[in-house]
Amino acid sequence: MSQPGYFSDRSMARRVMSKRAVGLTYGQRALVVGAVHPLLYVGTAENTEHRMTPYTRLALTGHLFEAVFLGSKDEADRALAFTTKKHAKVRGALPEDAGQRHPAGTGYSALDPHLMYMTMAFTFDSAEVMYDLLVRTMTDGEREGLYQDYVRWAELFGMPRAAAPGSYPEFRASFATYLASDELFLTDEARLVGSYLAGQRVPYPQRMPLQQVTSAFFLLVQGSLPPRIRQMYGMGWGRAEQVAYRALAQAVRTAHVAPPLVPPVLRGTLAGPSAPVYKLVSQRERQLVGTGRPSMPGVDPRNWVQRNSA
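Residues numbered from 1 in each chain as written. Predicted model: local features only at pLDDT ≥ 70, side-chain atom pairs only at ≥ 80, totals over all residues. Heavy atoms only, no water.

## Observations regarding the overall build of the chain
Inclusion rule: Strands here are runs of E lasting at least two residues and helices are runs of H or I lasting at least four, both read from the DSSP assignment and numbered beginning at the N terminus. Here, Shrake-Rupley sampling with a 1.4 Å probe gives the accessible areas, and only protein chains in the shown set may cover a residue.
Across its full length, the chain carries 16 helices and two strands. Per element, the accessible surface of the chain, about 14600 Å² overall, is 57% carbon and sulfur.

## Here's the deal with the confidence of the model for the chain
In regions of low pLDDT, the predicted coordinates are not meant to be interpreted in detail. For clarity, the cut-off: Per-residue confidence from the predictor is reported as pLDDT, which spans 0 to 100. Here, residues are in contact when the closest pair of their heavy atoms is within 4.5 Å.
In this model, the chain carries an average pLDDT of 85, and 80% of its residues clear a pLDDT of 70 or more. Residue range residues 263-268 is modelled with pLDDT below 50. Its contacts to residues more than four positions away, or to other chains, number four contacts. Across residues 305-310, where pLDDT falls below 50, the model places three contacts with residues more than four positions away in sequence or in other chains.

## Focus on the packing of aromatic side chains
For clarity, the cut-off: Side-chain rings of Phe, Tyr and Trp (the six-membered ring for Trp) are treated as a pair once their centres are within 6.5 Å; stacked means planes under 30 degrees apart, edge-to-face means over 60, and tilted covers the remaining angles. Each residue is placed in one exposure class: buried if its accessible area under a 1.4 Å probe, protein chains only, is under 20% of its type's maximum, exposed if it is over 50%, and partly exposed if it falls in between. For a lysine, the NZ atom is tested; for an arginine, the CZ atom; a charge sits over a ring if that atom is within 6 Å of the ring centre and within 35 degrees of the ring normal.
All told, the structure shown has 18 aromatic pairs when counted by the stated rule. On the numbers, 4.9 Å between centres and 55 degrees between planes, the contact of phenylalanine 69 with tyrosine 150 is tilted. Highlighted residues: phenylalanine 69 in helix H5 (residues 54-70) and tyrosine 150 in helix H8 (residues 140-156), separated in sequence by 81 residues. The same class applies to phenylalanine 69 as to tyrosine 150, namely buried. Looking at lysine 73, its charged tip hangs above the ring of tyrosine 6, at a distance of 5.4 Å from the centre.

## Examining the packing of helix H7 (residues 113-134) against H8
The condition that has to hold: In this analysis an axis means a line fitted to C-alpha atoms, helices contributing only their contacting stretch, and an angle means the value between N-to-C directions, from 0 to 180 degrees. What makes a crossing left-handed is the near helix being turned counterclockwise from the far one by less than a right angle; a clockwise turn instead makes it right-handed. Note that Gly is not counted as nonpolar here; it falls among the polar residues with everything else outside the nonpolar set of Ala, Val, Leu, Ile, Met, Phe, Trp, Tyr, Cys and Pro and the charged set of Asp, Glu, Lys and Arg.
At a minimum axis separation of 10 Å, H7 and H8 run at an interaxial angle of 145 degrees. Note that H7 runs across H8; the crossing there is right-handed. Every residue of H8 that contacts H7 at Met120, Thr123, Phe124, Ala127, Glu128 and Asp132 is listed here: Arg143, Leu146, Tyr147, Tyr150, Val151, Trp153 and Ala154. Tallied by class, residues from the contact of H7 with H8 come to nine nonpolar, one polar and three charged.

## A closer look at the packing of H5 against helix H6 (residues 73-87)
The test is simple: Geometric relationships in this document are graded by angle, where less than 35 degrees denotes roughly parallel, more than 145 denotes roughly antiparallel, 65 to 115 denotes roughly perpendicular, and other angles denote oblique.
Following both chains from N to C, one finds H5 and H6 inclined at 140 degrees, their axes separated by 7 Å at the closest point. Here H6 runs oblique to H5, going by the angle between their axes. The crossing of H5 and H6 is left-handed. When H5 is examined against H6, the residues Leu64, Ala67 and Val68 are found in contact with a partner set consisting of Glu75, Ala76, Ala79, Leu80, Phe82 and Thr83. Of the residues that constitute the contact of H5 with H6, the class distribution is seven nonpolar, one polar and one charged.

## A word on the environment of glutamate 75
The topology assignment puts glutamate 75 in helix H6. Along the sequence, glutamate 75 and leucine 64 sit 11 residues apart, while their C-alpha atoms lie 9.1 Å from each other.

## What to know about helix H13 (residues 239-257)
Selection criterion: By this rule the span expected of a helix is its residue count minus one, scaled by 1.5 Å. The directions from the helix axis to the C-beta atoms form the arc being described.
Taking 1.5 Å of rise per residue, 19 residues should cover 27 Å, and H13 covers 26 Å from first to last C-alpha, within 8% of that figure. Along H13, the residues classified as buried are Tyr245, Ala249, Arg253, Ala255 and His256. For H13, the buried positions fall inside an angular range of 150 degrees around the axis, keeping them on one side. Every exposed residue of H13 that faces more than 90 degrees away from the buried side is listed here: Arg239 and Ala240.

## Re H6
With 15 residues, H6 should reach 21 Å at 1.5 Å per residue; the first-to-last C-alpha distance of 20 Å fits that figure. On its buried side, H6 packs onto H5 and H8.

## Considerations on the nonpolar core
Stated precisely, the cut-off is as follows: Only buried residues count toward a nonpolar core. Its members are Ala, Val, Leu, Ile, Met, Phe, Trp, Tyr and Cys residues joined through side-chain atoms within 4.5 Å.
Of all hydrophobic cores here, the largest spans 80 residues; its most connected members are Val16, Met17, Val68, Met120, Tyr150 and Trp153. Ranked by the residues each element gives to this core, the list is headed by H7, at 13 residues. Those residues in contact with methionine 120, other than ones at most four positions away along the chain, are Tyr147, Tyr150, Val151, Trp153, Ala154 and Met159.

Structure, rendered in structure tokens:
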């Protein structure tokens, strides 16, 4: 980084988000978990140009987020201005009931402080979980530092400071209460897209070795989900999946805690921005859509458009 950014090299945000193992998994996990919040999911789905191409949206989001975390202030400001312009148009109401807590007609807005906070909460939770799982276990002080960096990050996107709990322990207590509450609900579309992002609905085959890489990411994302979230999606998860998940996570973690064991040619892949890697997957989506085929297996684009424009 030739110019200073909003987060210094010593910040926990940069230390965590510069790890590619985190950058390539936290976004998928955050979207899969965040899909259980109907207002966030519907608000995004109804106002995105990439409704049929979730990985393209993920790649764009990853690029914007990394620009703020890892880029210079000029790069971050461009990403923030772009996002602010997009968010100004995001407002509406649920077209149908989404659980007892979210009846049809419930309004949403991208400028709602609580929804801004929930976006931060899902994102922070996933970054913390994936760093602990794939890099190393953070200390209490590091968790607090990362949390405060994320609050600052959300403030840059427009969230009022008062919308978030004041400390990491307060956040964890609040977030645990939310995950155990009756607020969680998956719309049919959220279940479909979340399953696709988590690899439960297997995407079209990729060329090797990208197919192996994406399969590994899916296993890590699914294994890291809270049990209730896996149950909501109907994901099968038994001993075999748990053993494979733990073995893979330990292998990635070992690469970070014992770099000498990693072949020199691979050491450079452990850190750096992750958005370019997502583009490899999003390119496949755009190719499929360009030929009239569904980007998500089993989804007829014509029926999708008809259902969501009714």
